[in-house]
Amino acid sequence: MEDPVFTFGLIADVQYADIEDGENYLRTRRRYYRGSADLLRDAVLQWRRERVQCVVQLGDIIDGHNRRRDASDRALDTVMAELDACSVDVHHVWGNHEFYNFSRPSLLSSRLNSAQRTGTDTGSDLIGDDIYAYEFSPAPNFRFVLLDAYDLSVIGREEESEKHTHSWRILTQHNHNLQDLNQPPVSVGLEQRFVKFNGGFSEQQLQWLDAVLTLSDHKQERVLIFSHLPVHPCAADPICLAWNHEAVLSVLRSHQSVLCFIAGHDHDGGRCTDSSGAQHITLEGVIETPPHSHAFATAYLYEDRMVMKGRGRVEDLTITYS
Ligand SMILES: Nc1ncnc2c1ncn2[C@@H]1O[C@H](COP(=O)(O)OP(=O)(O)O)[C@@H](O)[C@H]1O
């Protein structure tokens, strides 16, 4: 059988904390805070066997509970030690729990900033205004783009900043629960997405994405985009969705180079194909995966297809292209 052009690992929402098991807000799912580090270790072992060339960590690597216990650095050390055993580059996406634990400036100077790991000849610098988004070519004819889903956010931006003011305006125009903006404004439909634990993408970031994709169209590359928040409402009733998901979809739809958009955040996972043909994948979260199961994947890129081999709760998926 032919060798893949590139092989990489995928994992989402590890949310490690050295605390007893708990539940999600609605008490419909169990959360295995300590066990999540064991599942991460198993994933790394498997990726080593499969000789992955890099790993993409889709955000929320440690849980917000760490902050309240003053254990953020310790928890980060624990998960980083597991990931170090990979011996390949790990590309980190940032989610809401990164911001519960750390400020944006401290994230930028932490090991969770993987932007510099792309190599000077292929990777680009971060775009302005502290936007944590970057792109690189992992192999000829392929490009990876990491997006900052909390670029517009009230949890990831300093209160006195312009972006915070702008984000607050967006959020409170749609959500009047000023006592608790994590409470959705409605109980069904897409308006649910206007909660504090979601965020969005600034015009500046969307313009940058458009420029990256324009270049990839010209080079006839296949582009895989990674972010914490899904931008396609795959489920009938999604709460985990970027505020301005339609603006992102509109950019993606105008470029034939887009192969797929891979996100985390929604621990139940999701899959759907956009009208443009691009595939949207939301990876199942480790934190709500029982100890006897798994939630990670290995993706194999070939010239004519991407094969995602899922483990445990993550199902296999093949996307073909010509
Ligand atoms: N329906 C809800 N109403 C009010 N607060 C909520 C609701 N869902 C989540 N939250 C709160 O929002 C925050 C983020 O939720 P959480 O489930 O931890 O996010 P994640 O899915 O990223 O782990 C938590 O503080 C949680 O208590």
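Presented here is an overview of the structure given in this document. Just so we're clear, the structure is a prediction, and the values are computed from it rather than from any experiment.

**Considering the overall build of the protein chain**
Then comes step 1: Along the backbone of the protein chain there are eight helices and 14 strands.
Then comes step 2: For 322 residues, the compact-globule formula gives about 20 Å, and the C-alpha radius of gyration of the protein chain, at 18 Å, lands near that figure.
Then comes step 3: The principal-axis extents of the C-alpha atoms in the protein chain amount to approximately 55 × 40 × 40 Å.
Then comes step 4: Buried positions account for 48% of the 322 residues belonging to the protein chain.
Then comes step 5: Considering only contacts within the protein chain whose residues lie at least 6 apart along the sequence, 64% involve residues at least 24 apart.

**Observations regarding the sheet that holds strand β13 (residues 305-312)**
By definition, the strands of a sheet pair up through backbone hydrogen bonds, in either a parallel or an antiparallel sense.
Then comes step 1: Strand order across the open sheet formed by six strands is β5-β4-β1-β12-β13-β14, with mixed pairing between neighbours. At either end of the open sheet lies a strand with only one pairing partner, and these are β5 (89-92) and β14 (317-320). For this sheet, the mean angle separating the axes of adjacent strands, direction not counted, is 20 degrees.
Then comes step 2: Strand direction decides the pairing type here: strand β4 (residues 54-57) and β5, joined by four bridges, are parallel. For Q57, the partnering residue across the bridge sits in β5 and is H92.
Then comes step 3: Where helix α1 (residues 35-49) meets the sheet, it contacts β1 (6-11), β4, β12 (295-301) and β13, and its direction lies at approximately 175 degrees from that of β1.

**Looking at the site of the ligand**
Then comes step 1: By nearness alone, every residue bordering the ligand is listed as N24, Y25, D60, N96, H97, D180, N182, Q183, P184, F197 and H265.
Then comes step 2: Of the residues in the shell around the ligand, the class split is three nonpolar, six polar and two charged.

**Brief notes about the sheet that holds strand β9 (residues 258-263)**
Then comes step 1: If you walk across this open sheet you meet the six strands as β6-β7-β8-β9-β11-β10, and the pairing is mixed. Each edge of the open sheet carries a strand with a single partner, namely β6 (134-139) and β10 (270-273). With direction set aside, neighbouring strand axes in the sheet form an average angle of 15 degrees.
Then comes step 2: Across four bridges, strand β8 (residues 222-226) lies against β9 in parallel orientation. Paired with V223 across the bridge in β9 is V258.
Then comes step 3: Strand contacts of helix α7 (residues 203-219): β6, β7 (142-146), β8 and β9, with the helix running at about 175 degrees to β7, the strand carrying the most contacts.

**Some thoughts on α1**
Then comes step 1: Look at α1: 22 Å from first C-alpha to last across 15 residues, which is about the 21 Å you get at 1.5 Å a residue.
Then comes step 2: Looking only at α1, the buried set comprises S36, A37, L39, L40, A43, V44 and W47. One side of α1 carries all its buried residues, which in axial view fall inside an arc of 160 degrees.
Then comes step 3: Check the buried side of α1 and you find it contacts β1, β4, α3 (72-84) and β12.

**So, the nonpolar core**
Then comes step 1: Counting 91 residues, the largest nonpolar core has L10, L58, V79 and I262 as its most contacted members.
Then comes step 2: The contacts of L10, once residues within four sequence positions are left out, are V56, L58, I262, L283, F296, A297 and A299.

**Some words on the environment of Q173**
Then comes step 1: Of note, Q173 is situated in helix α6 (residues 162-174).
Then comes step 2: What makes Q173 exposed here is the crowd of 10 C-beta atoms within 10 Å.
Then comes step 3: Through-space distance from the C-alpha of Q173 to that of F194 is 9.1 Å; in sequence the pair is 21 residues apart.

**So, the environment of H92**
Then comes step 1: Residue placement: H92 occurs in strand β5.
Then comes step 2: Put simply, H92 and V56 are 36 residues apart on the chain and 6.1 Å apart in space, counted from C-alpha to C-alpha.
Then comes step 3: In this view, H92 contacts Q57, L112 and S114; residues no more than four positions away in its chain are not counted.

The rules we used
Residues numbered from 1 in each chain as written. Predicted model: local features only at pLDDT ≥ 70, side-chain atom pairs only at ≥ 80, totals over all residues. Helix = DSSP H or I, 4+ residues; strand = E, 2+ residues; numbered from the N terminus. Rg over C-alpha atoms; globule rule 2.2 N^0.38 Å. Buried ≥ 20, exposed ≤ 12 C-beta atoms within 10 Å, placed from the backbone. Contact = placed C-beta atoms within 7 Å. Pairing = 2+ DSSP bridges. Axes fitted to C-alpha atoms, helices over the stretch in contact; angles between N-to-C directions. Near = placed C-beta within 6 Å. Nonpolar A, V, L, I, M, F, W, Y, C, P; charged D, E, K, R; others polar. Expected span 1.5 Å × (residues − 1). Arc of directions from axis to C-beta. Core = buried A, V, L, I, M, F, W, Y, C linked by C-beta atoms within 7 Å.

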